[in-house]
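Close look at the chain arrangement
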Amino acid sequence: TELDGQAGYGRLEAMRPLLPFVEQFAALQAEADGADGGAAEVHKYYSGIHKQLTQVLEAAQLEPFDSAPGDAYDWRRHREVERRPSEEVAKNCVLEQTARGYTMGGELLREAEVVVSSGSAAAAAAALPP
């Protein structure tokens, strides 16, 4: 129904501003692996909070997705942040990912930010008129 659709949209809009926090928290947790002494104690404390946050996000069906080099660029799931020539990656394919994408309950929450290949620089130069 229309009300269900509006409720789903509201959930997506409520979660969207939390994504930078979620990503920063995950990055801090990744740094915790090499911590020692007092820093290890702080990270141990925050790891409990991170675990609870992860459980809440899983219950909300928040799922990250990644785009690998060579994946076809899909405007529905990707946001192009740059276009660069590449000899290794075909034109209009992902060259690198700069930020993960997220879905929530099967709906796109945020596109993955990607650098897209413009194809071979040599081929583009050869195609130019003399």
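Structure's up top.
Conventions and cut-offs
- Residues numbered from 1 in each chain as written.
- Predicted model: local features only at pLDDT ≥ 70, side-chain atom pairs only at ≥ 80, totals over all residues.
- Heavy atoms only, no water.
- Pairing = 2+ DSSP bridges.
- Helix = DSSP H or I, 4+ residues; strand = E, 2+ residues; numbered from the N terminus.
- Axes fitted to C-alpha atoms, helices over the stretch in contact; angles between N-to-C directions.
- Phe/Tyr/Trp six-rings, centres within 6.5 Å; stacked < 30°, edge-to-face > 60°.
- Buried < 20%, exposed > 50% of the residue type's maximum accessible area, 1.4 Å probe, protein only.
- Core = buried A, V, L, I, M, F, W, Y, C linked by side-chain atoms within 4.5 Å.
- Contact = heavy atoms within 4.5 Å.
- Parallel < 35°, antiparallel > 145°, perpendicular 65-115°, else oblique.
- Left-handed = near helix turned anticlockwise from the far one by under 90°.
- Polar contact = N/O pair within 3.5 Å; in protein donor to acceptor, adjacent residues only side chain to side chain.

A few words now on the sheet that holds strand S6 (residues 112–117). One key point about sheets: their strands pair by backbone hydrogen bonds, in either a parallel or an antiparallel sense. Taking strand neighbours across the sheet as the criterion, the three strands line up as S2-S6-S3 in an open arrangement whose pairing is mixed. Each edge of the open sheet carries a strand with a single partner, namely strand S2 (78–84) and strand S3 (94–99). The sheet shows a mean angle of 30 degrees between the axes of neighbouring strands, taken without regard to direction. Examined bridge by bridge, S3 and S6 share four bridges and lie antiparallel to one another. For Glu 96, the partnering residue across the bridge sits in S6 and is Val 115.

Looking now at the packing of aromatic side chains. In total, this model carries one aromatic pair according to the counting rule given. Their ring planes at 75 degrees and their centres at 5.5 Å tell us that Phe 21 and Phe 25 sit as a pair that is edge-to-face. Taken together, the residues span about one helical turn, with Phe 21 and Phe 25 both in helix H2 (residues 19–31) at a distance of four residues. A relative accessible area of 47% places Phe 21 in the partly exposed class.

Looking now at the nonpolar core. Leu 12, Met 15, Leu 19, Val 22, Phe 25, Leu 53, Leu 57, Ala 60, Leu 62, Tyr 102, Met 104 and Leu 109 form the largest nonpolar core, which has 12 residues in total. Counting only elements with at least two residues in this core, the list comes to helix H1 (2–15), H2, helix H3 (38–59) and strand S4 (101–104). Ignoring any residue separated from it by four or fewer positions in sequence, one finds Leu 109 in contact with Leu 12, Met 15, Arg 16, Leu 19, Leu 62, Tyr 102, Thr 103 and Met 104. Core analysis: the second largest hydrophobic core is formed by five residues, Phe 65, Val 94, Ala 112 and Val 114 among them.

Before going further, it helps to spend a moment on the packing of H2 against H3. The N-to-C vectors of H2 and H3 enclose an angle of 140 degrees; their axes lie 10 Å apart at closest approach. Comparing the axis directions of H2 and H3 gives the class oblique. Crossing handedness for the pair H2 and H3: left-handed. On the side of H2, the interface is formed by Phe 21, Val 22, Phe 25, Ala 26, Leu 28 and Gln 29, while H3 contributes His 43, Tyr 46, Ser 47, Ile 49, His 50, Leu 53 and Leu 57.

With that settled, the discussion passes to the side chain of His 78. Positionally, His 78 belongs in strand S2. In terms of polar contacts, His 78 uses its side chain to reach the side chain of Ser 67, at 2.7 Å. In this view, His 78 contacts Ser 67, Ala 72, Tyr 73, Val 94, Glu 111, Ala 112 and Val 114; residues no more than four positions away in its chain are not counted.

Let us now look at the environment of Ala 60. Turning to its location among the elements, Ala 60 is positioned in the loop between H3 and strand S1 (62–65). On the basis of relative accessible area, Ala 60 is assigned to the buried category, the value being 13%. Considered as a pair, Ala 60 and Met 104 are 44 residues apart in the sequence and their alpha carbons are 6.9 Å apart. Beyond its immediate chain neighbours, meaning those up to four positions away, Ala 60 contacts Arg 11, Met 15, Met 104 and Gly 105.

By themselves, these are just geometric observations and shouldn't be taken as functional.
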